[in-house]
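The primary structure of each chain is shown beneath.
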Amino acid sequence: MAKIGWGRILAGVATAAAAGAAYVYFKQRTARAPRHETLFAEGGFEIRRYPPLLVIETSQHGSRDRALGNGFGLLADYMFGEGRDGDEIPITMPVLAAPLADGGWRIRFLIPQGIDRAALDMPGHGIDIAELPARDVAVISVPGKPGDRLFAARAAELRRWIKAQGRTAAGEPEHAYYNSPLKPGTALPNELFIPLAGSIDGMSDQLLPKNNSSKPS
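Report follows, based on the coordinates. Since this is a predicted model, take the numbers as computed values, not measurements. (Residues numbered from 1 in each chain as written. Predicted model: local features only at pLDDT ≥ 70, side-chain atom pairs only at ≥ 80, totals over all residues. Heavy atoms only, no water.)

1. So, helix 4 (residues 148–164)
Next, step 1: Between the first and last C-alpha of helix 4 there are 24 Å, a value that for 17 residues agrees with the 24 Å anticipated at 1.5 Å per step.
Next, step 2: On its buried face, helix 4 is in contact with strand 1 (37–42), strand 2 (45–50), helix 3 (64–79), strand 7 (135–142), strand 8 (174–177) and strand 9 (190–195).
Next, step 3: In the stretch just after helix 4, Gly166 is the one whose phi turns positive, near 75°. (Helix = DSSP H or I, 4+ residues; strand = E, 2+ residues; numbered from the N terminus. Expected span 1.5 Å × (residues − 1). Contact = heavy atoms within 4.5 Å.)

Structural data, given as structure tokens:
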């Protein structure tokens, strides 16, 4: 069966409709999520521990909407097997997006756990293969249409919560998309991650919020 060039279609359009169309297609598939451990949960906040994760990534310029549309198209082509000999790679949620210092955006697709780097085909121009180290992240949900103002407000809320727990952010916020980033989600809310400083080797009191005696769930 011929492969559908979803990535080329989306990258060529690069609009809200394109990014939304990408996720309509994604949601029709059996999307996976990486295994993680929830160390602590309080209200709408969580601290999660993720293992090392293999990703493909691209850097795109322009507004968030345009960067997402272009980035999704380029990475989707790779995942769906366009322009390479290997099999189609299942989509893993969430799709990560983070602003760059030069005003662009870095878009990342997670490679399903169990697939190692050596098994991946070499990507084309504009795509890199990278590995995220094991890390702890603070998480807050972002329900509804994930606009720039909403993400900024939720990021400020999460930063205040991190500070209240006696923890320190180790990086800038990352958008984690489970639905269309440009339309209200109907299945799962999107999320916002902030990586946390501190060793993740073993479990210790230093990893737990200072103002709560509850054990992590």
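Still more ground to cover, so stick around.
2. Section: helix 3
Next, step 1: Between its terminal C-alpha atoms helix 3 stretches 22 Å, which fits the 22 Å expected from 16 residues at 1.5 Å a residue.
Next, step 2: The element helix 3 is extensively covered by neighbouring structure, given that 13 of its 16 residues are classed as buried.
Next, step 3: Once helix 3 finishes, Gly81 follows within two positions and takes phi at roughly 90°, a positive value. (Buried < 20%, exposed > 50% of the residue type's maximum accessible area, 1.4 Å probe, protein only.)

3. Section: the pattern of salt bridges
Next, step 1: With the rule as written, the count across this model stands at 10 salt bridges.
Next, step 2: The partner of Arg64 in a salt bridge is Asp65, with the nearest N and O atoms 3.8 Å apart.
Next, step 3: Of the residues examined, Asp65 reaches a relative accessible area of 31% and is grouped as partly exposed.
Next, step 4: Notably, a salt bridge pairs Arg159 with Glu172, separated by 3.2 Å at the nearest N-O pair. On the criterion of sequence distance, the pair formed by Arg159 in helix 4 and Glu172 in the loop between helix 4 and strand 8 is long-range, its members being 13 residues apart.
Next, step 5: Here the salt bridges share partners, and the residues they tie into one network are Glu46, Arg48 and Glu191. (Salt bridge = Lys/Arg side-chain N within 4 Å of Asp/Glu carboxyl O.)

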